[in-house]
Amino acid sequence: GSVMLISQLAGLATVGSVLDFGSGCGLISACFGSMAPDAHFTMTDVDALAVLSSSETMAANGLAATVSAGDGLDSIDQRFDLVLSNPPFHQGGRTDMEFGMKLLHDVRNFLNPRGQFIMVANRHLPYRQWLDRIFGSHRVLASNNQFQVLIAVQSAWPGSTRNTQD
């Protein structure tokens, strides 16, 4: 899934501020950082080992990032031009849709006007319907029999539910 997401990022090289939510080892930000070296990266993950791995991955690739531990978006205090995520949907051994729904609902509060939220998700999960409900619309950037890369764009007007994707 992450490889499919990365393959869709090449055209976004003019992005300024990027949040990699659930950064894991930092692969997504490191790959995108090589395409957009002027972007400022903020990375967060709930797992301490993932935070350490993200920091080391960015450093090994000569990229700067602010990396922190956080459960959800509560530790984030700024807005971004782009939020990237390969969100987890398991809690232990069971599927947990509550976390994904909370992420999609909350992420709008962390996007600049016309900011983009790009995520990869398993096809069987209802993220497309959730994005439409929360952002007003979405587009599918890539899809195969297992994954889909989805994009939603923040409205140009704060507080508006109108979503313009021009």
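**Quick word on the environment of arginine 139**
Here comes step 1: Note that arginine 139 resides in strand 8 (residues 139-143).
Here comes step 2: As for arginine 139 and valine 149, which are separated by ten residues in sequence, their C-alpha atoms are 8.6 Å apart.

**Notes on the pairing of strand 1 (residues 17-21)**
Here comes step 1: Counting buried positions along strand 1 yields five of five residues, so the element is predominantly enclosed.
Here comes step 2: Residues Ser17, Leu19 and Phe21 line one face of strand 1 and the alternating positions Val18 and Asp20 line the opposite face, and both faces are buried.
Here comes step 3: Alignment of strand 1 against strand 2 (residues 40-45), held across five bridges, turns out to be parallel. Note on strand 2: the bridge partner recorded for phenylalanine 21 is threonine 44.
Here comes step 4: Following the backbone out of strand 1, through helix 2 (residues 27-35) and into the adjacent parallel strand 2, one traces a crossover that is right-handed.
Here comes step 5: Here four bridges tie strand 1 to strand 4 (residues 80-85), and the two strands are oriented parallel to one another. Residue pairing in the sheet places valine 18 in a bridge with leucine 82 of strand 4.

**Regarding helix 3 (residues 48-60)**
Here comes step 1: The end-to-end C-alpha distance of helix 3 is 18 Å, a good match for the 18 Å that 13 residues give at a rise of 1.5 Å each.
Here comes step 2: Here helix 3 has its buried residues at Ala50, Val51, Ser54 and Met58. An end-on view of helix 3 places all buried positions within 105° of arc, on one side of the element. Exposed residues on helix 3 whose side chains face more than 90 degrees from its buried face are Ala48, Leu49, Ala59 and Ala60.
Here comes step 3: Of the surrounding elements, those touching the buried residues of helix 3 are helix 2, strand 2 and strand 3 (65-69).
Here comes step 4: Measuring from the backbone nitrogen of leucine 49 back to the side-chain oxygen at the start of helix 3 gives 3.0 Å, which picks out aspartate 47 as the cap.
Here comes step 5: One or two residues past the end of helix 3 sits glycine 62, with phi positive at roughly 70°.

**Topic: the sheet that holds strand 3**
Here comes step 1: Taken in spatial order, the seven strands of this open sheet run 3-2-1-4-7-9-8, and their pairing is mixed. Of all the strands in the sheet, the pair left with one neighbour each is strand 3 and strand 8. On average, adjacent strands in this sheet sit at an angle of 15° to one another, irrespective of strand direction.
Here comes step 2: Where helix 2 meets the sheet, it contacts strand 1, strand 2 and strand 4, and its direction lies at approximately 170° from that of strand 2.
Here comes step 3: Running over the sheet, helix 5 (residues 127-135) touches strand 7 (111-122), strand 8 and strand 9 (147-153) and is turned about 0° from strand 9.

Rules used throughout
Residues numbered from 1 in each chain as written. Predicted model: local features only at pLDDT ≥ 70, side-chain atom pairs only at ≥ 80, totals over all residues. Heavy atoms only, no water. Helix = DSSP H or I, 4+ residues; strand = E, 2+ residues; numbered from the N terminus. Buried < 20%, exposed > 50% of the residue type's maximum accessible area, 1.4 Å probe, protein only. Pairing = 2+ DSSP bridges. Right-handed = clockwise from strand over helix to strand, strands pointing away. Expected span 1.5 Å × (residues − 1). Arc of directions from axis to C-beta. Contact = heavy atoms within 4.5 Å. Polar contact = N/O pair within 3.5 Å; in protein donor to acceptor, adjacent residues only side chain to side chain. Axes fitted to C-alpha atoms, helices over the stretch in contact; angles between N-to-C directions.

Geometric values such as these leave the question of function open.
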